[in-house]
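Geometric and topological summary
Single-letter residue listing:
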Amino acid sequence: MRCPNCGSMDDKVLESRTMANGESIRRRRECLKCSFRFTSYERIDEKPFMVVKRDGRRQPFDSTKLGKGIERALEKRPVSTTTVEQITSDIEDSAIKMAKEAREITTAELGELVLEKLYSIDKVAYIRFASVYKHFENLEEFITEVKSIKKRGVNTDTKGKTDE
């Protein structure tokens, strides 16, 4: 490590500490030439997790962008900010598991993860997100999606019940 004081490459490590949940190491060093003490940090340089857009472009995964999309879908719905953060975190974890070694996921796969999560949390938010994600062109497509939710809801509500 180059000494910031004299530029010498000779130093010794005086102390090492693990920082940020084991994601980095802080080292106190001393230059052997001028005795100047300084701190260095080490962290793993990971390959970024990428999202493959519909047109083939790749861009780094942005959990903030994902969170904003989910917040927009859940706007004015009875869902706490903590729940939104948890949903975002769960989707990010699922996306990383799906991506495996390639460290990339398509927007289609990511969108399906969001829809799946929103469906289990809030049906209105699901429809809001689906209308943007699935690019509804007309009212009929919107109505078809709402009816499919209604059918799923009827099927799950009638399990184990008998007609009177």
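Summary of the structure given here. (Residues numbered from 1 in each chain as written. Predicted model: local features only at pLDDT ≥ 70, side-chain atom pairs only at ≥ 80, totals over all residues. Heavy atoms only, no water.)

1. Quick notes on the sheet that holds strand β1 (residues 11-19)
Taken in spatial order, the three strands line up as β1-β2-β3 in an open sheet, and their pairing is antiparallel. Both edges of this open sheet fall to β1 and β3 (37-43), since each of them pairs with a single strand only. Direction aside, neighbouring strands of the sheet carry axes that sit 25° apart on average. Where strand β2 (residues 24-31) meets β3, seven bridges bridge the pair, whose relative direction is antiparallel. When the sheet's bridge partners are listed, Ile-25 is paired in β3 with Glu-42. (Pairing = 2+ DSSP bridges. Helix = DSSP H or I, 4+ residues; strand = E, 2+ residues; numbered from the N terminus. Axes fitted to C-alpha atoms, helices over the stretch in contact; angles between N-to-C directions.)

2. A look at the packing of aromatic side chains
Think of a pair of aromatic rings as described by two things: how far the centres are apart, and how the planes are tilted against each other in angle. According to the stated counting rule, one finds three aromatic pairs in the structure shown. A ring pair is formed by Tyr-119 and Tyr-126, whose centres lie 5.3 Å apart and whose planes are at 80°; its orientation type is edge-to-face. Tyr-126 gets classed as buried once you look at its relative accessible area, which sits at 4%. Taking the ring centre of Tyr-119 as reference, the NZ or CZ of Lys-123 above it sits at 4.3 Å. (Phe/Tyr/Trp six-rings, centres within 6.5 Å; stacked < 30°, edge-to-face > 60°. Buried < 20%, exposed > 50% of the residue type's maximum accessible area, 1.4 Å probe, protein only. Lys NZ or Arg CZ within 6 Å of the ring centre and 35° of its normal.)

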